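Survey of secondary and tertiary structure
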Amino acid sequence: MTAKIIDITLDPDGALTEALQVLRDGFPVAIPTETVYGLAADATNPAAITRIYETKGRPRFNPLICHMADRAMAERYAHFDALSLKLADAFWPGPLTLILPLREGSGIHALATAGLETVGIRVPQGFAGQIIRAFDRPLAAPSANTSGKISPTSARHVADDLGEKLRLILDGGASMVGVESTILRVEGGTILLLRPGGISADEIEAVTGIAVTRPAGPSATIEAPGMLASHYAPGAALRLDATEVAEGEALIRFGGEPQAGTERTAAVFDLSPSGDLAEAAANLFDMLKQADASGAAMIAVGTVPNHGLGEAINDRLARAAAPRD
Ligand code: AMP
Ligand code: MG
């Protein structure tokens, strides 16, 4: 099987019709979202969800985010507290996932939530939202890549990795945000940041007036079993906070920061020469893939500031650099 690729700007009607057909048949479809490309399937259909896990080689204890068309749809599947409602209204549609108590008998299959009594819910922007509205069921969708590898931000990335395993890939161009959603859980008036992502902690604090709490490392792992240390891993090894680069290494830097020895490497990427963290997030996964494809055994990465979207970028870099099993 080789995936059919449909460009949603050239043929939106065809893209929608074919996506709905594949979803109704119980198979996953790769779809563009503003964060990264998702591998979406019917969250109420156990066979369809199983195919997501199999296609990605993803451990089944790692629950999937369920995507909704809007807040009203989300409320059919989960219970919202007042603070979660406020967050939803401020940031949906957008790169924010809320962990909420699942409604009993909601129809979301336990395979999607890995048997938890909570569900991760997000309302994506753009064409993905149209598909969900037309399908009228939540779509479980992790990133459309082999588990543990770098997330895809273009249809080409998806085709290169999973093209032989999929029926349909929708091409919506490069993902605008480029990193996954921010995952939050509200607990007794506090906001736990389970995963930094496309909405920065500053933005959340500005809307709610509440300082976000970052669970210490290991507890984050219990909270969300999928937050595995090693993730987003390229084939090459990665070393962080590099101030110089050795011969044969590839270099990824930020904001034109000078690195000693840059002239010794053929592959130099700047996440954002002007020092814009949003641009850096959008470029991150593609530049990791390009640096990897350069053939270098080691990718040296310069320092990225840790404020705003930098927190999500540094989180992904740390996981890409983490020791692998
Ligand atoms: P990914 O699909 O790779 O972006 O990962 C989704 C993330 O959401 C994983 O880290 C999951 O562990 C997390 N997640 C999904 N559902 C839940 C849930 N009910 N409780 C906690 N974390 C969740
Ligand atoms: Mg992923």
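Placed above this text is the structure.
So, a few notes on the structure that sits alongside this text.

1. Looking at the sheet that holds strand β13 (residues 268-270)
- Strands sit in the order β11-β14-β12-β13 across an open sheet of four strands; the sheet is parallel. Strands with a single pairing partner mark the edges of an open sheet, and in this sheet they are β11 (237-239) and β13. Within this sheet the neighbouring strands show an average axis-to-axis angle of 20 degrees, counted without direction.

2. What to know about the pattern of salt bridges
- Here the structure, examined in full by the defined rule, presents 17 salt bridges.
- The partner of Glu34 in a salt bridge is Arg122, and the shortest N-O contact between them spans 2.9 Å. Taken as a pair, Glu34 in the loop between β2 (29-31) and β3 (38-42) and Arg122 in strand β6 (residues 118-122) lie far apart in primary sequence, 88 residues in all.
- Residue Glu34 is classed as buried on the basis of its relative accessible area of 4%.
- The class of Arg122 is buried, set by a relative accessible area of 2%.
- Through salt bridges that share partners, Glu180, Asp315, Arg316 and Arg319 make up one connected network.

3. Some points on the side chain of Ser106
- Within the fold, Ser106 resides in the loop between β5 (96-101) and α5 (110-113).
- In this structure Ser106 comes out as buried when scored by relative accessible area, which is 15%.
- In terms of polar contacts, Ser106 uses its side chain to reach the backbone amide nitrogen of Ile108, at 3.1 Å.

4. Some details on the environment of Leu100
- Within the secondary structure, Leu100 is located in strand β5.
- For Leu100 and Asp315, which are 215 residues apart along the polypeptide, the C-alpha to C-alpha distance reads 23 Å.
- If we ignore the near neighbours within four places in the chain, the residues touching Leu100 are Ala78, His79, Phe80, Asp81, Ser84, Glu117, Thr118, Val119 and Ile121.

5. Brief notes about the packing of helix α4 (residues 82-91) against helix α8 (residues 201-208)
- Where α4 contacts α8, the two axes come as close as 10 Å, and the packing angle between them is 115 degrees. When the axes of α4 and α8 are compared, the crossing they make is right-handed. Along the contact surface, α4 presents Leu83, Lys86, Leu87, Ala90 and Phe91, while α8 presents Glu203, Ile204, Val207 and Thr208.
- Considering only residue class, the contact of α4 with α8 consists of six nonpolar, one polar and two charged.

6. Some details on the packing of aromatic side chains
- Counted by the stated rule, this structure contains one aromatic pair.
- With 6.0 Å between their ring centres and 85 degrees between their planes, Phe80 and Trp92 make a pair best called edge-to-face. Within this pair, whereas Phe80 is found in the loop between α3 (71-75) and α4, its partner Trp92 is found in the loop between α4 and β5, the two being separated by 12 residues in sequence.
- For Phe80, a relative accessible area of 17% corresponds to the buried category.
- Residue classification places Trp92 among the buried residues on the basis of a relative accessible area of 11%.
- Over the ring of Phe27 we find Arg51, and its NZ or CZ is 4.0 Å from the ring centre.
- In this structure, Arg167 is placed above the aromatic ring of Phe27, and the distance from its NZ or CZ to the ring centre is 3.7 Å.

7. Points about α8
- By the burial criterion, the buried members of α8 are Ala201, Ile204 and Thr208. End-on view of α8: buried residues confined to an arc of 65 degrees, all on one side of the axis.
- Residues of α8 that are buried sit in contact with α4, β9 (182-187), β10 (190-195) and α11 (310-321).

What counts, and where the lines are drawn
- Residues numbered from 1 in each chain as written.
- Chains lettered and ligands numbered in written order.
- Predicted model: local features only at pLDDT ≥ 70, side-chain atom pairs only at ≥ 80, totals over all residues.
- Heavy atoms only, no water.
- Pairing = 2+ DSSP bridges.
- Helix = DSSP H or I, 4+ residues; strand = E, 2+ residues; numbered from the N terminus.
- Axes fitted to C-alpha atoms, helices over the stretch in contact; angles between N-to-C directions.
- Salt bridge = Lys/Arg side-chain N within 4 Å of Asp/Glu carboxyl O.
- Buried < 20%, exposed > 50% of the residue type's maximum accessible area, 1.4 Å probe, protein only.
- Polar contact = N/O pair within 3.5 Å; in protein donor to acceptor, adjacent residues only side chain to side chain.
- Contact = heavy atoms within 4.5 Å.
- Left-handed = near helix turned anticlockwise from the far one by under 90°.
- Nonpolar A, V, L, I, M, F, W, Y, C, P; charged D, E, K, R; others polar.
- Phe/Tyr/Trp six-rings, centres within 6.5 Å; stacked < 30°, edge-to-face > 60°.
- Lys NZ or Arg CZ within 6 Å of the ring centre and 35° of its normal.
- Arc of directions from axis to C-beta.

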